[in-house]
Amino acid sequence: MSEKLSGAEIFLRSLIDAKVDTLFGYPGGAIMPVYDALYDKRDKLNHILVRHEQGAIHAAQGYARVSGKVGVCIVTSGPGATNTVTGIADAMLDSTPVVVIAGQVGAKSLGTDAFQECDLVNVVRPISKWAYQIRSAKDVAHAVAYAFHIASTGRPGPVVLDFTRNAQVETTDYVPEKIGYMRGYDPVPSISQDSIRQAAQLINESKRPLLLIGQGVELGGAQEEVRQLIERADIPAGCTLLGLSALPTDHPLKVGMLGMHGSLASNVKTQECDLLIGIGLRFADRITGKLSTYARQAKKIHFDIDPAEINKNVPVDVAVLGDCKDTVAEVLKLVKPNKHTEWIASFKPYQDKETKYVINPEVHPTEGPVRMGEVVNEVAEQSHGQAICVTDVGQNQMIAARYSKLEQHRSLVTSGGMGTMGFGLPAAIGATFGAPGRQVCLFSGDGGLQMTIEELGTIMEQKAPVKIVLLDNNFLGNVRQWQQLFYNRRYSFTHMLNPDYSLIAKAYQIPYTVVTKREDLKDAVKQMLEADGPFFLHAAVMEEDNVLPMTSPGSDVDDMMLELK
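We now turn to the structure provided with this report. Along every chain, residues carry numbers that run from 1 in the direction the sequence is written. At least 70 in pLDDT is required for a residue's local features to be given in this predicted model, at least 80 for side-chain atom pairs to be given and counted, and no such filter applies to totals for whole chains, interfaces and linings, which use all residues. Side-chain figures throughout are based on the complete set of non-hydrogen atoms in the structure, without hydrogens or water.

## Considerations on the packing of helix α3 (residues 53-67) against helix α5 (residues 85-93)
Under this scheme, a helix contributes an axis fitted over its contacting stretch, all axes are lines through C-alpha atoms, and angles between N-to-C directions fall in the 0 to 180 degree range. Secondary structure elements follow DSSP: runs of H or I no shorter than four residues count as helices, runs of E no shorter than two count as strands, and numbering proceeds from the N terminus. Where α3 meets α5, the axes come as close as 8 Å, and the angle between the chain directions of the two elements is 20°. The angle between α3 and α5 places the two elements in the roughly parallel class. Taken together, the residues of α5 that come into contact with α3 (itself represented by Q54, I57, H58 and Q61) are T86, G87, I88, D90 and A91. Any residue that is not Ala, Val, Leu, Ile, Met, Phe, Trp, Tyr, Cys, Pro, Asp, Glu, Lys or Arg is counted as polar, Gly included; the first ten are nonpolar and the last four charged. Of the residues assigned to the contact of α3 with α5, the class counts are three nonpolar, five polar and one charged. For this classification, under 35 degrees means roughly parallel, over 145 means roughly antiparallel, 65 to 115 means roughly perpendicular, and everything else is oblique. Contacts: residue pairs with any heavy atoms within 4.5 Å of one another.

Structure, rendered in structure tokens:
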């Protein structure tokens, strides 16, 4: 039996029907009826008041990435809505399932340039899976059901609902909706048994296979199937940045990260393998280097759920469309046990070379200023690979990805495709709500931290147990590294005069310690990890520290620098 409710009430009930438990948001005039209705739903919907709407969308992303659920953020119209645009674009590129609900002026005022009116649907249409304007209360339940179905199925992504004020206050009959099928929307392609057989045959015949693990393995829940595949066929596996936690760091067949700041061995062997198997990745430019020379010698198999990614950047010999949990399982049935002992052994000289020239000096220095790598390594060692690693963007991101130990799935949260500075702090807050039983460690640079530093207020209010590790080099470090390499050390506007972080941490009631000497690092990390609640560890690191190895933009992927002069 239906009952008459306001659109705002229907909206909240629809969220509860969709199993939503946490919202990240910021109220305002055009979304006020929803917030008024939320007052009576506080026992069922936990609303986290952020300090900026960009913080809301990034927190929703962090929540989604670690929980596997849809992240939800609620904002008002105009600037409230446009402040989420960066996060929407970020979620689109990184296939993160989020639903953004933005207030809008009343339907009768649309097109009049009313106060805080913005044509949000047309703004976000190119950077979202679906954008829809709700103009009537009778459309609310339907729109919410569609939004969650679209955001979470197939290749996940962001959905935006533009919620007019009249639709929030109108009343109508409430009938819960569930979406199982949408005409014209086919989120999971049918599996072709021909492609399964062709892929298995190439794997069985290969002498020098290399498997590339992308975030699609995490999103599809195919971690176990991929592990069985590489172990049965004895295939070394490299990971994209977003795919790093799909395979434990200490797995004997894991050969490191791929691409610009990846591992020397995995990049060199990309150019020597006879079969390249990509699962759930985009073959983006930061992975491939120069496309015209990328793995030309290899046959290629691409597993993906999105047909648009097939042959987009790298032409392949076999495309295996479908949910990778299912497609890899099908291929497994036909793959024979194998051994590639000599091929795998050929990785070791490159791993040893990188260890000698990069890893040991970065992780185990004996003199000079504190290095970024030794800070990340110390946190990884003391957290035993069990913490969720959240990063901002820049040198801190690459160093954290290279030296963190990730032994559980969904353990790395970072902005990949968009490279959004300021992502880290709010995403870490979201991660504490998405995985409340796990420790969350944020690695940030001084530039990125200050872009969303207001979210320390959210940490203070929520007592969100984020362990903040600030790698402070007084520079916009990644840009400075490029200026060193390609612009003759002309450090144009990358040096930063930083505030007194101890006073900032004190103002937000967050315990703080600073490390300037190597001998103090171990105890400081121990203090941070044992703290009950949030903690701010300020590491003053080498100013001109660099992230190595590195492939220059436009170069062959295996043309890696191990040292900078």
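## As for the environment of V144
Turning to its location among the elements, V144 is positioned in helix α7 (residues 140-152). Here the term buried applies to any residue with accessible area under 20% of the maximum for its type, exposed to any over 50%, and partly exposed to those in between, with areas from a 1.4 Å probe on protein chains only. On the accessibility criterion, V144 (2% relative accessible area) is buried. Placed 35 residues apart in sequence, V144 and I179 show a C-alpha to C-alpha distance of 9.8 Å. Here V144 is in contact with F11, S14, L15 and L161, once residues within four sequence places are set aside.

## Topic: the sheet that holds strand β15 (residues 388-391)
Sheets are built from strands paired through backbone hydrogen bonds, the pairs being either parallel or antiparallel. The pairing criterion is simple: DSSP has to find at least two bridges between the two strands. Ordered in space as β16-β15-β17-β18-β20-β19, the six strands form an open sheet in which the pairing is parallel. The strands lining the two open edges of the sheet, one partner per strand, are β16 (412-413) and β19 (512-515). Where strand β18 (residues 466-472) lies against strand β20 (residues 535-540), six bridges are found, and the strand directions are parallel. Paired with I468 across the bridge in β20 is F536. Against the sheet, helix α19 (residues 424-434) engages β15, β16, β17 (440-445) and β18, with an angle of about 175° to β17.

## Focus: the sheet that holds strand β14 (residues 318-321)
Strand order in the open sheet formed by six strands is β11-β10-β9-β12-β13-β14, with parallel pairing between adjacent strands. One side of each edge strand has no neighbouring strand; the edge strands of this open sheet are β11 (254-257) and β14. Between one strand axis and the next, the sheet turns by 20° as a mean value, whatever way the strands run. One ladder, built from four bridges, connects strand β13 (residues 299-304) with β14; its direction is parallel. Bridging across to β14, H302 finds its partner in A319. Packing against the sheet, helix α9 (residues 193-205) makes contact with β12 (275-279), β13 and β14, and its axis sits at approximately 125° to β14.

## Some points on the layout of surface pockets
Only protein atoms enter the calculation, which uses a 1 Å grid: trapped sets of points that fit a 1.4 Å probe without letting it out are cavities, open sets showing protein on both sides within 12 Å along at least five of seven lines are pockets, and any residue with an atom within 4 Å of a point is a lining residue. Grid points are joined across faces, edges and corners, and a volume is the space filled by probe spheres set on the points. By volume, the second largest pocket amounts to about 640 Å³. Lining of the second largest pocket is provided by 22 residues; of these, T249, G256, S263, I359 and R402 occupy positions nearest its centre. For the lining of the second largest pocket, the element with the highest residue contribution is helix α16 (residues 348-363), accounting for five residues. Taken together, the residues of the lining of the second largest pocket sort by class into nine nonpolar, nine polar and four charged.

## Overview of the packing of aromatic side chains
What counts as a ring pair is set by centres within 6.5 Å for rings of Phe, Tyr and Trp (its six-membered ring), and what kind of pair is set by the plane angle: stacked under 30 degrees, edge-to-face over 60, tilted for all other angles. Tallied over the full model, the rule gives 11 aromatic pairs. Between Y501 and F536 the ring centres are 6.0 Å apart and the planes differ by 35°, which places this aromatic pair in the tilted class. Note that Y501 is positioned in helix α23 (residues 501-507) and F536 in strand β20, a separation of 35 residues in sequence. Here the aromatic residues F24, Y63 and F433 are joined through ring pairs into a cluster of three or more. The rule is short: NZ of Lys or CZ of Arg within 6 Å of the ring centre and within 35 degrees of the ring normal puts a charge over the ring. Above the plane of the ring of Y39 lies R42, whose end atom (NZ or CZ) is 3.8 Å from the centre. Sitting over the face of the ring of F347, K269 holds its NZ or CZ atom 5.9 Å from the ring centroid.

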